[in-house]
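So the chains spell out like this:
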Amino acid sequence: MHVFSTEQFHKLMDASGFTGPWNSLIDLGAGDGATTSHIAHLFNRVYATDISAPMRWALARRKFIVLDIERWQKSGPFNVILCLNLLDRCDRPNTMLRQLKSSLAPGGRLVVAIVLPFSPYVEVGERGDHKPAEYLPVKGNGLDGQIAGLIDRVFGPIGLKCLAWSKLPYLCEGDLGQGYYFLDDAIFVLEVQEVNF
Ligand SMILES: C[S@@+](CC[C@H](N)C(=O)[O-])C[C@H]1O[C@@H](n2cnc3c(N)ncnc32)[C@H](O)[C@@H]1O
């Protein structure tokens, strides 16, 4: 919920050296689009996906172009891709990361947010026990250890280079015992790693 403001987004993009173009943005697993709406005005075209029908209606009401979760890649490549708090909710996070990488326009930026400590929970997955079908190797001690682990053992081997990262509070809907929980959200700005032979 409420991952970043317009100003925080600008700071992250500046820190990563991104200067445009600002033609297209896609927010995957965008929820109701509250975060997307903070930065939508910066782009000419704004696309979004979500697996939940009520969320797709909310996104369409905000006038975003809502794409199918299996076919969104066909509308790419995109200058900026947001994948905020989705990798721990989707069944195939490794496949998703590879699709994200191949859907970035040249010089584009992929912004990934992950709630740490990493605790995946898939609502409707292949296994049927809320565990993901693919294992994302997020290891390391404590918050900083897991951040380093993500950069070195998850993004690096896929060919995604981390240009900037930050920690932000993440407000999560609670349970009967507590209305809300404050968690740590780690945000990474990534680019496709150049391969030199
Ligand atoms: C924790 S919420 C994050 C929402 C928003 N990105 C944010 O950070 O506030 C995860 C969202 O991903 C959606 N979702 C789960 N699996 C998905 C998938 N495979 N493709 C697209 N959306 C998915 C859920 O319906 C939910 O709205």
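Data block above holds the structure.
Because the structure is predicted, anything quoted here is derived from the model rather than measured. (Residues numbered from 1 in each chain as written. Predicted model: local features only at pLDDT ≥ 70, side-chain atom pairs only at ≥ 80, totals over all residues.)

Novice: Let's hear about the site of the ligand: which residues, and what values?
Specialist: Neighbouring the ligand are 18 residues, the closest being Gly 29, Gly 31, Ile 51, Leu 84 and Asn 85. The class makeup of the residues in the shell around the ligand is 10 nonpolar, 6 polar and 2 charged. (Near = placed C-beta within 6 Å. Nonpolar A, V, L, I, M, F, W, Y, C, P; charged D, E, K, R; others polar.)

Novice: Give a detailed account of the pairing of strand E5 (residues 104-116), specifying residues and quantitative values.
Specialist: Relative to E5, strand E4 (residues 78-84) is paired through 6 bridges, and the arrangement is parallel. Counted as the bridge partner of Val 80 is Arg 109 from E5. Since E4 and E5 lie parallel, the crossover through helix H4 (residues 93-102) that links them has a hand, and here it is right-handed. Of the pairings in the sheet, the one linking E5 to strand E7 (residues 180-192) comprises 7 bridges and is antiparallel in character. Across the sheet, residue Leu 110 finds its bridge partner in E7, namely Leu 190. (Pairing = 2+ DSSP bridges. Helix = DSSP H or I, 4+ residues; strand = E, 2+ residues; numbered from the N terminus. Right-handed = clockwise from strand over helix to strand, strands pointing away.)

Novice: I'd like to hear about helix H5 (residues 142-158), residue by residue, with values.
Specialist: Helix length check: H5, at 17 residues, gives a terminal C-alpha distance of 23 Å against a target of 24 Å (1.5 Å per residue), a fit within 8%. Here H5 has its buried residues at Gln 146, Ile 147, Leu 150 and Val 154. Gly 159 sits one or two residues past H5 and shows a positive phi near 95 degrees. (Expected span 1.5 Å × (residues − 1). Buried ≥ 20, exposed ≤ 12 C-beta atoms within 10 Å, placed from the backbone.)

Novice: Summarise the pairing of strand E1 (residues 24-28); cite the residues concerned and give the values.
Specialist: Extensive coverage of E1 is indicated by the burial of 5 of its 5 residues. Residue alternation in E1 divides its side chains into two sets, Ser 24, Ile 26 and Leu 28 and Leu 25 and Asp 27, and both sets are buried. Sheet analysis places E1 next to strand E2 (residues 45-48), joined by 4 bridges and oriented parallel. Note on E2: the bridge partner recorded for Asp 27 is Ala 48. For the segment spanning E1, helix H2 (residues 34-39) and E2, crossover handedness is right-handed. Where E1 and E4 come together, 4 bridges link them in parallel fashion. Across the sheet, the residue bridging to Leu 28 is Cys 83, located in E4.

Novice: Lay out the nonpolar core in plain terms, naming residues and giving numbers.
Specialist: Formed by 49 residues in total, the largest nonpolar core has its most connected members in Ile 81, Cys 83, Leu 110, Val 111 and Val 112. Of the residues forming this core, the biggest block, 7 residues, is contributed by E5. With near-sequence residues (within four places) excluded, Val 111 lies in contact with Leu 12, Val 80, Ile 81, Leu 82, Ile 187 and Val 189. (Core = buried A, V, L, I, M, F, W, Y, C linked by C-beta atoms within 7 Å. Contact = placed C-beta atoms within 7 Å.)

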